[in-house]
Amino acid sequence: MDESASALLPCRPTVVMVGMSVLRSAAAFAARLTPLKPGSSPANLLTRAIPRTDKAAIRWGHGKKMFVIKPSDYYDRRFLRLLQYYVLLTGIPVAIIVTGVNLFIGEAELAEIPEGYEPEHWEYYKHPITRWISRNLYDSPVKDYEKMMAAIQIEKEKADMRLTQMEVRRHMRESGDGPWFQIPTLNKDLIDHSPKASPDN
Amino acid sequence: MPADYDKDAYPEPPRKTPVVDKQTALPNPALILTKVFYYAVDLPVTTFRDVVDSIRSNNKLVYYHQRFRRVPDLTECQEGDYVCCYEAEMQWRRDYKVDQEIVKVVQERMKACQQREGDSYKQNCAREIQQFNDVTKNYQSRYGDLGAYASGRKCLMKQKERMMAAQAQSA
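The rules behind the values
- Residues numbered from 1 in each chain as written.
- Chains lettered and ligands numbered in written order.
- Predicted model: local features only at pLDDT ≥ 70, side-chain atom pairs only at ≥ 80, totals over all residues.
- Heavy atoms only, no water.
- Helix = DSSP H or I, 4+ residues; strand = E, 2+ residues; numbered from the N terminus.
- Buried < 20%, exposed > 50% of the residue type's maximum accessible area, 1.4 Å probe, protein only.
- Contact = heavy atoms within 4.5 Å.
- Areas by Shrake-Rupley, 256 points an atom, 1.4 Å probe, with all protein chains shown as cover.
- Phe/Tyr/Trp six-rings, centres within 6.5 Å; stacked < 30°, edge-to-face > 60°.
- Lys NZ or Arg CZ within 6 Å of the ring centre and 35° of its normal.
- Salt bridge = Lys/Arg side-chain N within 4 Å of Asp/Glu carboxyl O.
- Core = buried A, V, L, I, M, F, W, Y, C linked by side-chain atoms within 4.5 Å.
- Disulfide = S-S within 2.5 Å.
- Polar contact = N/O pair within 3.5 Å; in protein donor to acceptor, adjacent residues only side chain to side chain.
- UniProt positions renumbered as here; feature names shortened; annotations may be inferred.

This brings us to the overall build of chain A. In terms of helices and strands, chain A carries six helices and one strand. Listing each helix as α and each strand as β along chain A from the N terminus yields α-α-α-α-β-α-α. Each of the 201 residues in chain A was classed as buried or not, and the buried ones make up 12%. Considering only residue pairs separated by 6 or more positions, chain A has 16% of its internal contacts joining residues 24 or more positions apart. For chain A, the accessible surface area stands at approximately 17,400 Å², while carbon and sulfur atoms represent 63% of it.

What follows is the structure, encoded as C-alpha coordinates:
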(Lines give C-alpha, C1' and ligand atoms only; values in the text may rest on other atoms or scores of the structure.)
Protein backbone atom coordinates (compact mmCIF):
# COMPACT_ATOMS: atom_id res chain seq x y z
CA MET A 1 0.00 0.00 0.00
CA ASP A 2 2.75 2.36 0.90
CA GLU A 3 4.86 1.54 -2.16
CA SER A 4 1.99 2.01 -4.60
CA ALA A 5 1.01 5.31 -3.06
CA SER A 6 4.62 6.47 -3.17
CA ALA A 7 4.81 5.48 -6.82
CA LEU A 8 1.77 7.61 -7.63
CA LEU A 9 3.33 10.72 -6.09
CA PRO A 10 5.77 12.56 -8.37
CA CYS A 11 9.42 12.53 -7.54
CA ARG A 12 9.32 15.95 -5.94
CA PRO A 13 10.41 15.51 -2.37
CA THR A 14 7.55 16.62 -0.13
CA VAL A 15 6.83 16.45 3.53
CA VAL A 16 4.39 13.57 2.85
CA MET A 17 7.17 11.30 1.62
CA VAL A 18 9.24 11.95 4.70
CA GLY A 19 6.19 11.28 6.87
CA MET A 20 5.45 8.04 5.06
CA SER A 21 8.96 6.67 5.51
CA VAL A 22 8.79 7.59 9.18
CA LEU A 23 5.46 5.77 9.48
CA ARG A 24 6.85 2.74 7.69
CA SER A 25 9.88 2.49 9.95
CA ALA A 26 7.62 2.97 12.98
CA ALA A 27 5.34 0.14 11.77
CA ALA A 28 8.33 -2.17 11.26
CA PHE A 29 9.66 -1.30 14.73
CA ALA A 30 6.24 -1.98 16.29
CA ALA A 31 6.00 -5.28 14.41
CA ARG A 32 9.38 -6.27 15.77
CA LEU A 33 8.41 -5.38 19.32
CA THR A 34 5.13 -7.30 19.40
CA PRO A 35 5.36 -10.40 17.21
CA LEU A 36 2.01 -11.64 15.98
CA LYS A 37 0.65 -15.16 16.37
CA PRO A 38 2.33 -17.96 14.35
CA GLY A 39 0.96 -18.34 10.86
CA SER A 40 1.42 -14.65 9.95
CA SER A 41 3.58 -14.00 6.94
CA PRO A 42 5.87 -10.93 6.79
CA ALA A 43 3.63 -9.53 4.02
CA ASN A 44 0.77 -8.71 6.36
CA LEU A 45 2.97 -7.59 9.25
CA LEU A 46 2.87 -4.15 7.69
CA THR A 47 -0.90 -4.12 7.33
CA ARG A 48 -1.24 -5.66 10.84
CA ALA A 49 -3.98 -8.09 9.74
CA ILE A 50 -4.71 -10.71 12.45
CA PRO A 51 -4.88 -14.10 10.67
CA ARG A 52 -7.38 -16.72 11.80
CA THR A 53 -5.54 -19.91 12.74
CA ASP A 54 -8.66 -22.13 13.01
CA LYS A 55 -9.71 -21.74 9.38
CA ALA A 56 -6.81 -22.30 6.97
CA ALA A 57 -7.18 -19.90 4.07
CA ILE A 58 -6.33 -21.12 0.61
CA ARG A 59 -4.99 -17.78 -0.55
CA TRP A 60 -2.34 -15.94 1.37
CA GLY A 61 -1.08 -12.55 0.39
CA HIS A 62 -2.94 -9.31 -0.29
CA GLY A 63 -6.52 -10.58 -0.41
CA LYS A 64 -8.99 -10.45 -3.23
CA LYS A 65 -7.91 -8.11 -5.97
CA MET A 66 -10.49 -5.42 -6.61
CA PHE A 67 -10.68 -3.03 -9.54
CA VAL A 68 -12.03 0.06 -7.86
CA ILE A 69 -13.87 2.37 -10.21
CA LYS A 70 -13.96 5.93 -8.90
CA PRO A 71 -13.63 9.36 -10.47
CA SER A 72 -10.15 10.73 -10.87
CA ASP A 73 -8.77 12.48 -7.83
CA TYR A 74 -5.62 13.50 -9.69
CA TYR A 75 -6.71 17.13 -10.03
CA ASP A 76 -7.66 17.46 -6.38
CA ARG A 77 -4.42 15.93 -5.21
CA ARG A 78 -2.48 18.10 -7.68
CA PHE A 79 -4.13 21.21 -6.31
CA LEU A 80 -3.35 20.27 -2.71
CA ARG A 81 0.19 19.35 -3.64
CA LEU A 82 0.79 22.66 -5.41
CA LEU A 83 -0.88 24.59 -2.57
CA GLN A 84 1.38 22.89 -0.06
CA TYR A 85 4.44 23.60 -2.19
CA TYR A 86 3.75 27.28 -2.74
CA VAL A 87 2.70 27.91 0.85
CA LEU A 88 5.77 26.20 2.23
CA LEU A 89 8.11 27.88 -0.29
CA THR A 90 7.95 31.15 1.66
CA GLY A 91 6.35 29.79 4.80
CA ILE A 92 9.32 27.71 5.90
CA PRO A 93 11.95 30.48 5.50
CA VAL A 94 9.67 32.95 7.29
CA ALA A 95 9.10 30.46 10.11
CA ILE A 96 12.85 29.79 10.42
CA ILE A 97 13.69 33.50 10.43
CA VAL A 98 11.03 34.40 13.00
CA THR A 99 11.98 31.46 15.25
CA GLY A 100 15.66 32.37 14.97
CA VAL A 101 15.00 36.01 15.82
CA ASN A 102 12.84 35.10 18.81
CA LEU A 103 15.36 32.57 20.10
CA PHE A 104 18.67 34.26 19.44
CA ILE A 105 17.90 37.96 19.62
CA GLY A 106 14.89 38.10 21.90
CA GLU A 107 12.61 40.94 22.82
CA ALA A 108 13.82 44.20 24.29
CA GLU A 109 13.49 45.13 27.95
CA LEU A 110 11.92 48.30 29.28
CA ALA A 111 14.43 50.79 30.62
CA GLU A 112 14.37 54.37 31.85
CA ILE A 113 15.50 57.00 29.37
CA PRO A 114 19.00 58.07 30.46
CA GLU A 115 19.61 61.73 31.24
CA GLY A 116 20.27 63.91 28.23
CA TYR A 117 19.79 61.03 25.77
CA GLU A 118 17.31 61.28 22.91
CA PRO A 119 16.36 57.73 21.83
CA GLU A 120 16.03 57.00 18.11
CA HIS A 121 12.51 56.40 16.88
CA TRP A 122 13.00 52.63 16.59
CA GLU A 123 14.12 52.30 20.17
CA TYR A 124 10.54 52.76 21.34
CA TYR A 125 9.44 49.31 20.10
CA LYS A 126 9.80 45.94 21.81
CA HIS A 127 10.07 43.21 19.19
CA PRO A 128 13.33 43.13 17.17
CA ILE A 129 11.55 42.67 13.84
CA THR A 130 9.31 45.69 14.55
CA ARG A 131 12.43 47.66 15.44
CA TRP A 132 14.09 46.63 12.19
CA ILE A 133 11.03 47.56 10.12
CA SER A 134 10.78 50.92 11.90
CA ARG A 135 14.46 51.59 11.39
CA ASN A 136 14.83 50.56 7.75
CA LEU A 137 11.43 50.71 6.08
CA TYR A 138 9.39 53.41 7.82
CA ASP A 139 9.93 57.11 8.37
CA SER A 140 10.14 58.22 11.96
CA PRO A 141 6.75 59.15 13.52
CA VAL A 142 8.03 62.68 14.10
CA LYS A 143 8.71 63.02 10.36
CA ASP A 144 5.26 61.63 9.55
CA TYR A 145 3.69 64.13 11.95
CA GLU A 146 5.59 67.00 10.36
CA LYS A 147 4.66 65.80 6.84
CA MET A 148 0.99 65.73 7.82
CA MET A 149 1.22 69.21 9.36
CA ALA A 150 2.95 70.52 6.23
CA ALA A 151 0.18 69.06 4.06
CA ILE A 152 -2.45 70.67 6.30
CA GLN A 153 -0.62 74.02 6.16
CA ILE A 154 -0.44 73.91 2.35
CA GLU A 155 -4.13 73.08 2.09
CA LYS A 156 -4.98 75.84 4.55
CA GLU A 157 -3.00 78.38 2.54
CA LYS A 158 -4.70 77.23 -0.67
CA ALA A 159 -8.12 77.57 0.96
CA ASP A 160 -7.27 81.03 2.29
CA MET A 161 -6.03 82.17 -1.11
CA ARG A 162 -9.20 80.92 -2.78
CA LEU A 163 -11.34 82.76 -0.25
CA THR A 164 -9.44 86.04 -0.76
CA GLN A 165 -9.66 85.60 -4.52
CA MET A 166 -13.45 85.28 -4.28
CA GLU A 167 -13.61 88.40 -2.11
CA VAL A 168 -11.45 90.36 -4.57
CA ARG A 169 -13.63 89.25 -7.50
CA ARG A 170 -16.70 90.47 -5.69
CA HIS A 171 -15.12 93.85 -5.03
CA MET A 172 -13.79 94.20 -8.59
CA ARG A 173 -17.16 93.38 -10.06
CA GLU A 174 -18.95 95.81 -7.77
CA SER A 175 -16.79 98.87 -8.02
CA GLY A 176 -15.31 98.21 -11.42
CA ASP A 177 -12.19 100.29 -10.79
CA GLY A 178 -9.83 97.37 -10.65
CA PRO A 179 -7.90 95.53 -13.35
CA TRP A 180 -10.38 92.62 -13.50
CA PHE A 181 -13.68 92.52 -15.38
CA GLN A 182 -12.54 95.18 -17.84
CA ILE A 183 -14.22 94.63 -21.21
CA PRO A 184 -12.02 96.08 -23.97
CA THR A 185 -13.90 98.70 -25.99
CA LEU A 186 -12.84 100.69 -29.04
CA ASN A 187 -10.84 103.91 -28.62
CA LYS A 188 -13.10 107.00 -28.67
CA ASP A 189 -10.52 108.95 -30.70
CA LEU A 190 -10.93 106.58 -33.63
CA ILE A 191 -14.59 107.45 -34.11
CA ASP A 192 -15.07 109.55 -37.25
CA HIS A 193 -17.47 112.30 -36.34
CA SER A 194 -17.26 113.93 -39.82
CA PRO A 195 -20.68 112.63 -41.11
CA LYS A 196 -22.28 114.27 -38.12
CA ALA A 197 -20.12 117.40 -38.19
CA SER A 198 -22.72 119.57 -39.98
CA PRO A 199 -26.47 119.21 -39.35
CA ASP A 200 -27.68 119.65 -42.94
CA ASN A 201 -25.78 116.77 -44.66
CA MET B 1 7.98 34.78 29.23
CA PRO B 2 6.01 37.29 31.32
CA ALA B 3 7.51 38.39 34.60
CA ASP B 4 6.32 36.80 37.83
CA TYR B 5 4.04 38.81 40.11
CA ASP B 6 5.52 40.97 42.86
CA LYS B 7 6.22 38.53 45.72
CA ASP B 8 6.13 41.28 48.34
CA ALA B 9 2.62 42.33 47.34
CA TYR B 10 1.01 39.00 48.11
CA PRO B 11 3.33 37.34 50.64
CA GLU B 12 2.97 33.60 51.07
CA PRO B 13 2.97 32.12 54.57
CA PRO B 14 6.21 30.35 55.63
CA ARG B 15 6.31 26.70 54.59
CA LYS B 16 5.98 23.97 57.18
CA THR B 17 7.49 20.84 55.63
CA PRO B 18 6.96 17.91 58.01
CA VAL B 19 9.80 15.65 59.12
CA VAL B 20 9.81 12.45 57.05
CA ASP B 21 8.89 9.48 59.30
CA LYS B 22 8.70 6.51 56.96
CA GLN B 23 7.49 3.34 58.61
CA THR B 24 7.07 1.03 55.60
CA ALA B 25 9.60 -0.33 53.17
CA LEU B 26 7.30 0.35 50.22
CA PRO B 27 8.30 3.18 47.89
CA ASN B 28 6.27 6.37 47.97
CA PRO B 29 4.44 6.74 44.63
CA ALA B 30 4.00 10.49 45.02
CA LEU B 31 7.77 10.88 45.46
CA ILE B 32 8.42 8.70 42.42
CA LEU B 33 5.99 10.70 40.30
CA THR B 34 7.45 14.04 41.34
CA LYS B 35 10.97 12.82 40.58
CA VAL B 36 9.85 11.48 37.19
CA PHE B 37 8.14 14.79 36.38
CA TYR B 38 11.23 16.72 37.45
CA TYR B 39 13.67 14.74 35.33
CA ALA B 40 11.40 14.26 32.32
CA VAL B 41 9.79 17.70 32.03
CA ASP B 42 11.18 20.30 34.42
CA LEU B 43 14.90 19.78 33.93
CA PRO B 44 14.97 19.74 30.09
CA VAL B 45 12.71 22.80 29.91
CA THR B 46 14.84 24.75 32.40
CA THR B 47 18.10 23.82 30.67
CA PHE B 48 16.64 24.85 27.29
CA ARG B 49 15.60 28.20 28.72
CA ASP B 50 19.03 28.71 30.28
CA VAL B 51 20.71 27.92 26.96
CA VAL B 52 18.45 30.33 25.09
CA ASP B 53 19.02 33.02 27.74
CA SER B 54 22.78 32.64 27.52
CA ILE B 55 22.60 33.07 23.73
CA ARG B 56 20.27 36.03 24.13
CA SER B 57 22.39 37.80 26.72
CA ASN B 58 25.01 38.53 24.05
CA ASN B 59 22.73 40.97 22.23
CA LYS B 60 20.54 42.69 24.77
CA LEU B 61 18.07 45.23 23.43
CA VAL B 62 16.32 47.98 25.39
CA TYR B 63 13.24 49.97 24.60
CA TYR B 64 11.95 53.16 26.18
CA HIS B 65 8.60 54.64 27.05
CA GLN B 66 7.95 57.66 24.86
CA ARG B 67 6.84 60.86 26.52
CA PHE B 68 4.92 63.42 24.46
CA ARG B 69 4.82 67.14 25.12
CA ARG B 70 1.43 68.64 25.93
CA VAL B 71 0.10 70.87 23.15
CA PRO B 72 -2.81 73.36 23.25
CA ASP B 73 -6.21 71.73 23.45
CA LEU B 74 -9.00 71.93 20.87
CA THR B 75 -10.66 74.65 22.95
CA GLU B 76 -7.51 76.78 22.83
CA CYS B 77 -7.17 76.68 19.05
CA GLN B 78 -8.24 79.52 16.78
CA GLU B 79 -11.13 79.10 14.34
CA GLY B 80 -9.21 78.39 11.13
CA ASP B 81 -5.96 77.09 12.62
CA TYR B 82 -6.07 73.57 11.21
CA VAL B 83 -2.51 72.69 12.23
CA CYS B 84 -3.36 73.45 15.86
CA CYS B 85 -6.52 71.34 15.44
CA TYR B 86 -4.44 68.45 14.08
CA GLU B 87 -2.04 68.55 17.01
CA ALA B 88 -4.93 68.70 19.48
CA GLU B 89 -6.61 65.79 17.69
CA MET B 90 -3.44 63.67 17.91
CA GLN B 91 -3.11 64.49 21.59
CA TRP B 92 -6.74 63.51 22.16
CA ARG B 93 -6.14 60.20 20.37
CA ARG B 94 -3.13 59.46 22.60
CA ASP B 95 -5.18 60.31 25.68
CA TYR B 96 -7.99 58.03 24.43
CA LYS B 97 -5.50 55.15 24.13
CA VAL B 98 -4.13 55.87 27.62
CA ASP B 99 -7.63 55.88 29.08
CA GLN B 100 -8.38 52.54 27.44
CA GLU B 101 -5.25 51.09 29.00
CA ILE B 102 -6.20 52.51 32.39
CA VAL B 103 -9.57 50.78 32.21
CA LYS B 104 -7.82 47.54 31.25
CA VAL B 105 -5.42 47.79 34.22
CA VAL B 106 -8.24 48.39 36.68
CA GLN B 107 -10.16 45.48 35.19
CA GLU B 108 -7.06 43.26 35.52
CA ARG B 109 -6.81 44.20 39.18
CA MET B 110 -10.43 43.28 39.80
CA LYS B 111 -10.08 39.98 37.97
CA ALA B 112 -6.90 39.11 39.90
CA CYS B 113 -8.62 39.95 43.16
CA GLN B 114 -11.60 37.77 42.27
CA GLN B 115 -9.30 34.91 41.34
CA ARG B 116 -7.37 35.24 44.59
CA GLU B 117 -10.34 35.45 46.92
CA GLY B 118 -12.35 32.66 45.33
CA ASP B 119 -15.92 32.42 46.53
CA SER B 120 -15.79 35.32 48.96
CA TYR B 121 -14.76 37.89 46.35
CA LYS B 122 -17.85 40.10 46.66
CA GLN B 123 -16.91 40.91 50.22
CA ASN B 124 -13.12 40.99 50.12
CA CYS B 125 -12.69 42.78 46.79
CA ALA B 126 -15.19 45.55 47.47
CA ARG B 127 -12.58 48.28 46.96
CA GLU B 128 -11.41 46.92 43.60
CA ILE B 129 -14.97 46.41 42.43
CA GLN B 130 -15.90 49.94 43.47
CA GLN B 131 -12.88 51.39 41.68
CA PHE B 132 -13.71 49.42 38.54
CA ASN B 133 -17.31 50.59 38.59
CA ASP B 134 -16.24 54.23 39.01
CA VAL B 135 -13.63 54.05 36.26
CA THR B 136 -15.96 52.39 33.78
CA LYS B 137 -18.77 54.83 34.53
CA ASN B 138 -16.47 57.77 33.92
CA TYR B 139 -15.09 56.20 30.74
CA GLN B 140 -18.59 55.55 29.49
CA SER B 141 -19.72 59.10 30.19
CA ARG B 142 -16.67 60.56 28.45
CA TYR B 143 -15.97 58.24 25.49
CA GLY B 144 -19.11 56.14 25.61
CA ASP B 145 -21.02 56.16 22.33
CA LEU B 146 -18.58 58.04 20.17
CA GLY B 147 -18.23 55.06 17.83
CA ALA B 148 -15.46 54.02 15.46
CA TYR B 149 -15.00 57.48 13.91
CA ALA B 150 -14.46 59.12 17.29
CA SER B 151 -12.64 62.42 17.23
CA GLY B 152 -11.65 65.12 19.68
CA ARG B 153 -14.30 67.39 18.24
CA LYS B 154 -17.09 64.84 18.81
CA CYS B 155 -15.85 64.21 22.35
CA LEU B 156 -15.92 67.95 22.99
CA MET B 157 -19.51 68.13 21.73
CA LYS B 158 -20.43 65.24 24.00
CA GLN B 159 -18.89 67.10 26.92
CA LYS B 160 -20.92 70.17 25.99
CA GLU B 161 -24.11 68.07 26.00
CA ARG B 162 -23.14 66.67 29.41
CA MET B 163 -22.58 70.13 30.80
CA MET B 164 -25.87 71.36 29.34
CA ALA B 165 -27.72 68.41 30.87
CA ALA B 166 -26.06 69.02 34.22
CA GLN B 167 -26.98 72.71 34.09
CA ALA B 168 -30.58 71.91 33.10
CA GLN B 169 -30.80 69.46 35.96
CA SER B 170 -29.36 71.81 38.55
CA ALA B 171 -31.49 74.75 37.38
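Right, let's get into the packing of aromatic side chains. Counted by the stated rule, this structure contains eleven aromatic pairs over all chains. Cluster of aromatic residues (ring-pair linked, three or more members): B:Trp92, B:Tyr96, B:Tyr139 and B:Tyr143. For the cation-ring pair, A:Arg135 lies above A:Trp122, with the distance from its terminal atom to the ring centre recorded as 5.4 Å.

Let us look at the pattern of salt bridges. All names here are of chain A. All told, the structure shown has 15 salt bridges over all chains when counted by the stated rule. Between Asp 160 and Lys 156 there is a salt bridge, with the nearest N and O atoms lying 3.4 Å from each other. In this pair, Asp 160 and Lys 156 are both assigned in helix α6 (residues 141–175), four residues apart and thus about one turn of the helix distant. Here Asp 160 falls in the partly exposed class, since its relative accessible area comes to 35%. In this structure, the salt-bridge partner of Glu 174 is Arg 170, at a minimum N-O distance of 3.1 Å. Here Glu 174 and its partner Arg 170 are both found in helix α6, four residues apart, which amounts to about one turn of the helix. Taking relative accessible area as the criterion, Glu 174 reaches 59% and is therefore assigned exposed.

Moving on to the nonpolar core. Inside soluble globular proteins, nonpolar side chains tend to come together where they are buried. If you look at the biggest cluster of nonpolar residues, it comprises six residues: B:Trp92, B:Tyr96, B:Tyr143, B:Leu146, B:Ala150 and B:Cys155. Setting aside residues no more than four positions away along its own chain, B:Leu146 makes contact with B:Trp92, B:Lys154, B:Cys155 and B:Lys158.

The next subject is the state of the cysteines. Residue and element names in this part refer to chain B. The final tally for this structure, using the stated rule, is two disulfides over all chains. Cys 77 shares a disulfide with Cys 84; S-S distance 1.9 Å. For the disulfide bridge between Cys 77 and Cys 84, the dihedral angle about the S-S bond is near -75 degrees, and by the sign convention the bridge is left-handed. The disulfide partner of Cys 113 is Cys 125, and the gap between their sulfur atoms is 2.1 Å. Torsion about the S-S bond of the Cys 113 and Cys 125 cystine: about -100 degrees, corresponding to left-handed handedness. Pair noted here: Cys 113 is in helix α2 (residues 82–117) and Cys 125 is in the loop between α3 (121–124) and α4 (126–143), with a separation of twelve residues, a long-range link. The connectivity of the disulfide bonds within chain B can be written as 1-2, 3-4, using the sequence rank of each bonded cysteine.

How big an interface is tends to be reported as the loss of accessible area on association of its parts. Facing the 27 residues of chain A at the interface are 19 residues of chain B. The interface formed by chain A and chain B holds one salt bridge in total. A:Glu109 serves as the salt-bridge partner of B:Lys60, at 3.9 Å between the closest nitrogen and oxygen. Linking chain A with chain B are eight residue pairs in polar contact (both at pLDDT 80 or more), by the criterion used here. Broken down by secondary-structure element, the contributors of at least two residues to the side of chain A that touches chain B are α4 (74–105), β1 (109–110), α5 (128–136) and α6 of chain A.

Another aspect to go through is the environment of A:His121. Residue and element names in this part refer to chain A. Tracing the chain through its elements places His 121 in the loop between β1 and α5. Sequence separation between His 121 and Asp 139 is 18 residues; the distance between their C-alpha atoms is 8.9 Å. Contact partners of His 121, with chain neighbours within four places excluded, come to Ser 134, Arg 135, Tyr 138, Asp 139, Ser 140 and Pro 141. A distance of 3.0 Å separates the side chain of His 121 from the backbone oxygen of Ser 134, its partner in a polar contact.

The subject of this paragraph is the UniProt feature "transmembrane region" (unreviewed entry) in chain A. The sites that carry the UniProt feature "transmembrane region" (unreviewed entry) are, in the present numbering, residues 85–105 of chain A. A helix fraction of 100% and a strand fraction of 0% characterise residues 85–105 of chain A, whose end C-alpha atoms lie 29 Å from each other.

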